Amino acid sequence: MAEVSHEIYEERGADSNLRKVFFQYFSYWPWFILSLMIAFGLSYTYLRYTKPVYQAEMSIMIKSTQQFEDPTEMLFGRKFFKHAGKLMDESRVLQSYPIIYETIKRQGLEVSYYNIRQIRTKELYGEEPFIILFDTAYYYNESTYKPYNTLFTLKILDHHKYEISLENKPFKEEHLFGEQVNYNGFEFRVILKDNAAENVPIGQKVLDYHFKFNNMTTLARNYQARFSVDPGESFSSMLYLSLRSTMPDRARDFMNELFQVYSEKNLKDKNAVVDKTIRFIDKELATISDSLQLVEFKLENFKSNVRVGDISLQGERILNQYYALEEQRATHLVKQKYYDYIRDFLNNNEKYDQIISPVAFGMEDPILNKLVIDLVQLQLEKNALTSQGNYRSPVLKNLENGIDALRTKILENVDNLITSNTMISKDIDQRMSMMDIAARQLPNSERKMVNIQRLLKLSENIYVFLMEKRANAAITKSSNTPDCKIVEPVKSSGPVSPKPKSVQMLALVGGLFFPFLLITIRDLFNDKINSKEDLEATTRIPFLGVVPHLKDEDTAAVYSRPKSSIAEAFRILRSNINFLSPGKGCKTILLTSSVAKEGKTFCAINLATVIAMSGKKTIVLGLDLRKPKLHNYLKVPNNVGVSNYMVHKATKDEIIQETQVENLFLITSGPVPPNPSELLMMDRMKDLINTLKEKFDYIILDTPPIGLVTDAFILTELTDMNLFITRQRYTRKILVKNVDELYRNNKFENLSIILNDVKATRGYGYGYGYGYGYGYGYGYGYGYGYGYYEEDKKKGFKHKLKRALKRSK
């Protein structure tokens, strides 16, 4: 049974703590309402004046070749990884500065147009009634002056002329539409659109416009920051493009133009190698064509000058062998030219993406083909990085190292191929030398005829071989298409930001959280006494009771309003005092505090009043001889008092004053003496107290603050009970701890503590009931009064709000 009771007690205690925390924050409800009003006001202003941001999206497919140069690529999946790398490279190319710069240049975004409105200025795109024309060559010349970001104001006066000006600058001119305008050497013209001349009304405020010339480099960087490319799922060929902009139409046009620029660049890159191959073949064709014409001319002259019959069977056989050897020789000569070309290219160039592929010349060496393809791929990846300005990227360093390594391998491979080709060529030359020996046995004329025809056949073989390669390259170029296509056209959804629901939710959370945080921080760093729990956590001095907050300046509230809650609070204090000291004939009660303005004099007057109203003869002594206030509270003279009696200038009967309260008497402090502590230590003070004990039931001593002077300690020898007055949200905890130390060391006995000026908040502050300090109370913990006592007339909401804000400070 005891365990069950203990569990119920813990549950109630936890519930009480939660309720206390709730009402602790609820007491600051004006702060929360004010914070919510400000938060929702800011959210409304933000949503009202923030331009909505839209997102344009499109998806494209990057084509990939299905051929496998190496069977292990299929076996180990290297082909898929290479394709994924290609997608990453292409996404970087799409986001690169050159692509975006060319896109906005084609889109014609050099000039931005704005419409001046009362609330905010709206940027125009396709709706502007005029356009600005200028010399683009001059504009894109980096050495010339351009009025970047200078905001011009243009006011349409009529359908023929306009006024142009600058704010805060001495520039204001009138011009005809189409007339040249010169601003600091930069010339442009304003052209009124045809439809604007018919539809735009004249003379209205709405016809004031702004325009400015954009720095295209800055604008491209801005677009680059707002444009993103997502590779999508693994092993997919899709790329998802998106752009955020406040103008959806311009964003859609940008995306379409970007794809066009990218497609053209992709096709141009593919055709660049073919074009270079064709130029190289054309150069060789020109050389071999001259050689072929020369040999044909020699053959024609020989036949016309020397009449020779048909070649003999032996000559025919020798000539056919010559033909076979010359065909082999022609092939190796072309290979040697390519080897010389590639070695010269690698030694004299720093970029290798334009190198001619060995396949274009019929090179069947798989190692050389693979090395050249890998070199071109690494160079393209490096170009993609450098185009975005990633010059310090560690990836770039790895690419450069890979390019250098491949270049070295290609040069070594080419040197080996040249050596092999030279050996084969020497073998062919030796065999041809043997044929020359056989040809010498022929008649002179027939021998010359064989040599000429041999040279002619060699030139024809080289020429035909080069023509075939040129035709193949031309066919390849004509059949090339971009490696990309649109899968899903550009579309623009609704505004992606700001989202009203998210902003309003943020305002709600912020409006509640901000005051909650301030209150928590305020309480965290608060070193003042706020509740009974604070006192119990700070000191072991018995808790006697609480005194509620007085809303006006009525210091004698118990007498003037005997049915008020504050009167009832002092009645409970009276009961608690009787409980603590039952059966004593006379009770001498001392009231003190830690510092001034904690309400000890107020408590002394009202406690004495409530005791006197119970029929007990009571007297109050003003023993704060340094700063007396008791006479001011009761509005009585202070000409004669304790200080006069202590220096033998007045008798006991002369210093006692009657009050308007029945059974309540008063002794004021009198004039301020130069030595108050010494006066209180005199035997004459003890004699005065003993005399008063014979005449009165209760003696209330109003003393100075114990935290400032020692006067209260001197008087504790004469008292039956000592009351330490603390004030809610005023008394510092450290001062209470100092008094607690005195109490623990038995230097301040018979001490009880009172919490004064408690604000009426349910569950917080005074809402602990009017119980005895030891747990024998009979209050119910719902604040003082709860509609039972006679209180002041209820104030309006405005007054409550003002009072609550003032109280929470």
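Within each chain, residues carry numbers counting from 1 in the order of the written sequence. In view of the model being predicted, local features appear only for residues whose pLDDT reaches at least 70, and side-chain atom pairs are presented and counted only at 80 or more, with totals across whole chains, interfaces and linings using the full set of residues. Remark: hydrogens and water are excluded; side-chain values derive from all non-hydrogen atoms of the structure.

Comments concerning the overall build of the protein chain
Step number 1: Secondary structure elements are taken from DSSP: a helix is a run of H or I of four residues or more, a strand is a run of E of two residues or more, and numbering for both begins at the N terminus. Along its length, the protein chain carries 26 helices and 23 strands.
Step number 2: Working rule for contacts: check all heavy atoms of both residues, and any pair within 4.5 Å makes them a contact. In the protein chain, the share of contacts with a sequence separation of at least 24, taken over all contacts with a separation of at least 6, comes to 78%.
Step number 3: Surface accessibility in these figures is a Shrake-Rupley result with a 1.4 Å probe; residues are shielded only by whichever protein chains are displayed. Accessible area for the protein chain stands at about 44100 Å²; split by element, carbon and sulfur atoms hold 53% of it.

So, a nonpolar patch on the surface
Step number 1: Within the patch definition used here, like charges are joined within 9 Å and nonpolar side chains (Val, Leu, Ile, Met, Phe, Trp, Tyr) within 5 Å, considering only residues with over 30% relative accessible area and no salt bridge. Throughout this description, the term salt bridge denotes a Lys or Arg side-chain nitrogen within 4 Å of a carboxyl oxygen of Asp or Glu. On the surface, F40, M505, L508, V509, L512, F513, F516, L517, I521, L524 and F525 cluster together into a nonpolar patch covering about 1000 Å² of accessible area.
Step number 2: For the nonpolar patch, the element with the highest residue contribution is helix α14 (residues 500-524), accounting for nine residues.
Step number 3: A 1.4 Å probe rolled over the protein chains alone gives each residue an accessible area, and that area as a share of the maximum for its type sets the label: buried under 20%, exposed over 50%, partly exposed in between. Residue class for F516 comes out partly exposed when judged on its relative accessible area of 36%.

Focus: helix α2 (residues 29-49)
Step number 1: Helix span, expected: 1.5 Å multiplied by one less than the number of residues in the helix. With 21 residues, α2 should cover 30 Å at 1.5 Å per step; its first-to-last C-alpha distance of 30 Å lies within 8% of that length.
Step number 2: Along α2, the positions that sit buried rather than exposed are P30, F32, S35, A39 and S43.

Some points on the environment of S112
Step number 1: For S112, the location among the structural elements is in strand β2 (residues 111-115).
Step number 2: Separated by 11 residues in the primary sequence, S112 and E123 have C-alpha atoms spaced 7.4 Å apart.
Step number 3: Residues within four places of S112 in sequence aside, it is in contact with E123, H210, F211, K212 and N214.
Step number 4: Polar contacts, as used here, are pairs of N or O atoms within 3.5 Å; protein pairs need one atom able to donate a hydrogen and one able to accept it. Residues neighboring in sequence count only if both atoms are side-chain atoms. Of note is the side chain of S112, whose polar atom sits 2.8 Å from the side chain of N214.

Points about the pattern of salt bridges
Step number 1: Overall, the coordinates contain 22 salt bridges when judged by the stated rule.
Step number 2: In this structure, the salt-bridge partner of E536 is K532, at a minimum N-O distance of 3.8 Å. Residue E536 and its partner K532 are both found in helix α15 (residues 532-538); the two are separated by four residues, about one turn of the helix.
Step number 3: Of the charged contacts, one joins R626 and D711 as a salt bridge, the two residues approaching to 3.2 Å between their closest N and O atoms. Pair noted here: R626 is in the loop between β16 (618-622) and α19 (630-634) and D711 is in helix α24 (residues 711-715), with a separation of 85 residues, a long-range link.
Step number 4: Since its relative accessible area comes to 0%, D711 is described here as buried.
Step number 5: Here the salt bridges do not stand alone but share partners, grouping E102, R106, E257 and E264 into one network.

Some words on unusual backbone geometry
Step number 1: Look at the link from S497 to P498: it is a cis peptide, with omega at -5°.
Step number 2: Along the chain, the position of P498 falls in the loop between β13 (484-492) and α14.
Step number 3: Notably, N663 is not glycine yet its phi reads approximately 75°, a positive angle.
Step number 4: Positionally, N663 belongs in the loop between β17 (657-658) and β18 (664-667).
Step number 5: For N750, which is not glycine, the phi torsion reads 55° and is therefore positive.
Step number 6: Here N750 lies in the loop between α25 (733-744) and β21 (751-758).
Step number 7: A residue is classified by how much of its surface remains accessible, and N750, at 48% relative accessible area, is partly exposed.

With respect to the sheet that holds strand β12 (residues 238-245)
Two modes of strand pairing occur in sheets, parallel and antiparallel, and in both the strands are linked by backbone hydrogen bonds.
Step number 1: With antiparallel pairing, the four strands of this open sheet are ordered in space as β11-β12-β1-β13. With one partner strand each, in any of the chains shown, β11 (227-230) and β13 form the two edges of the open sheet. The sheet shows a mean angle of 20° between the axes of neighbouring strands, taken without regard to direction.
Step number 2: With six bridges joining them, strand β1 (residues 54-62) and β13 adopt antiparallel strand pairing. In this analysis, strands are considered paired if DSSP registers two or more bridges between them. Lines fitted to C-alpha atoms define the axes here, with helix axes fitted over just the stretch in contact, and angles between the N-to-C directions of these axes take values from 0 to 180 degrees.

Some points on the nonpolar core
Step number 1: With 55 residues, the main nonpolar core has I132, F188, F211, F213 and L241 as its most contacted residues.
Step number 2: In terms of residues, this core owes the most to one element, helix α9 (residues 248-305), which gives seven residues.
Step number 3: With residues near it in sequence (within four places) discarded, I132 still touches V111, Y113, F188, R189, V190, F211 and F213.
Step number 4: Only buried residues count toward a nonpolar core, which is a set of Ala, Val, Leu, Ile, Met, Phe, Trp, Tyr and Cys residues joined through side-chain atoms within 4.5 Å. Counting 40 residues, the second-largest nonpolar core is a separate cluster that includes F543, L621, L680 and I689.

Side note on the side chain of S593
Step number 1: On the secondary structure map, S593 appears in strand β15 (residues 587-593).
Step number 2: Taking relative accessible area as the criterion, S593 reaches 0% and is therefore assigned buried.
Step number 3: A distance of 2.8 Å separates a polar side-chain atom of S593 from the backbone oxygen of V595.
Step number 4: Separated by 3.3 Å, the side chains of S593 and E598 make a polar contact.

Structural notes on the sheet that holds strand β20 (residues 721-727)
Step number 1: Across the sheet, which stays open at both edges, the eight strands sit in the order β14-β21-β20-β15-β19-β16-β18-β17 with mixed pairing between neighbours. Only two strands of the sheet have a single neighbouring strand rather than two, namely β14 (543-548) and β17.
Step number 2: Summarising the sheet, β20 and β21 pair through six bridges and their orientation is parallel. Residue pairing in the sheet places I725 in a bridge with I754 of β21.

Quick notes on the confidence of the model for the protein chain
Step number 1: This prediction gives the protein chain a mean pLDDT of 78; 76% of its residues lie at or above 70.
Step number 2: Confidence scores per residue from the predictor, reported as pLDDT, run from 0 to 100. For residues 1-12, every residue scores under 50 in pLDDT, and the model assigns this stretch zero contacts once sequence neighbours within four places are set aside.
Step number 3: pLDDT under 50 marks residues 762-788. Its contacts with residues more than four places away, or in other chains, come to 70 contacts.

Some thoughts on the packing of aromatic side chains
Within a pair of aromatic rings, the relevant descriptors are the distance that separates the centres and the angle that separates the planes.
Step number 1: Working definition: a ring pair exists when centres of Phe, Tyr or Trp rings (six-membered ring for Trp) sit within 6.5 Å. Plane angles under 30 degrees give stacked, over 60 give edge-to-face, the rest tilted. Scanning the model with the defined rule gives 32 aromatic pairs in all.
Step number 2: With a centroid separation of 5.5 Å and an interplanar angle of 40°, the aromatic rings of Y97 and Y101 are classed as tilted. Taken together, the residues Y97 and Y101, both in helix α5 (residues 97-107) and four residues apart, mark about one turn of the helix. An identical accessibility class is assigned to Y97 and Y101; each is buried.
Step number 3: With centroids separated by 6.3 Å and ring planes inclined at 80°, the aromatic side chains of F152 and F171 adopt a geometry described as edge-to-face. Taken together, the residues F152 in strand β5 (residues 152-156) and F171 in the loop between β6 (161-166) and β7 (172-176) connect sequence positions 19 residues apart. Taken as a pair, F152 and F171 share a single burial class, namely buried.

Comments concerning the packing of α2 against α14
Step number 1: Look at α2 against α14: their axes get within 8 Å of each other, and the N-to-C directions meet at 145°. Relative to α14, α2 is oriented so that their crossing is right-handed.
Step number 2: Residues that form the contact of α2 with α14 fall into these classes: 16 nonpolar, five polar and one charged. Left-handed describes a crossing whose near helix is turned anticlockwise from the far helix through less than a right angle; right-handed describes the clockwise counterpart. In this count, Pro and Cys sit with the nonpolar residues alongside Ala, Val, Leu, Ile, Met, Phe, Trp and Tyr, while Asp, Glu, Lys and Arg are called charged and the others, Gly among them, polar.

Some words on the pairing of β6
Step number 1: Taken across its six residues, β6 has five buried, putting it largely inside the fold.
Step number 2: Across five bridges, β5 lies against β6 in antiparallel orientation. Across the sheet, F152 pairs through a bridge with L166, a residue of β6.
Step number 3: The antiparallel pairing of β5 with β6 creates a hairpin that spans four residues between the two strands.
Step number 4: Pairing of β6 with β7, which is carried by five bridges, proceeds in the antiparallel orientation. Within β7, the position partnered with E163 by the bridge is E174.

Focus on the packing of helix α17 (residues 565-580) against helix α18 (residues 600-613)
Two measures define how a pair of helices packs: the angle their axes make with one another and the distance between the axes.
Step number 1: The geometry of α17 relative to α18 is characterised by a closest axis approach of 9 Å and an angle of 75° between their N-to-C directions. Relative to α18, the element α17 lies roughly perpendicular. Residues I566, A567, F570, R571, L573, R574 and I577 of α17 pack against F602, C603, N606, L607, V610 and I611 of α18.
Step number 2: Grouping the constituent residues of the contact of α17 with α18 by class yields 10 nonpolar, one polar and two charged. Any angle from 65 to 115 degrees is called roughly perpendicular, while one under 35 is roughly parallel, one over 145 is roughly antiparallel, and all others are oblique.

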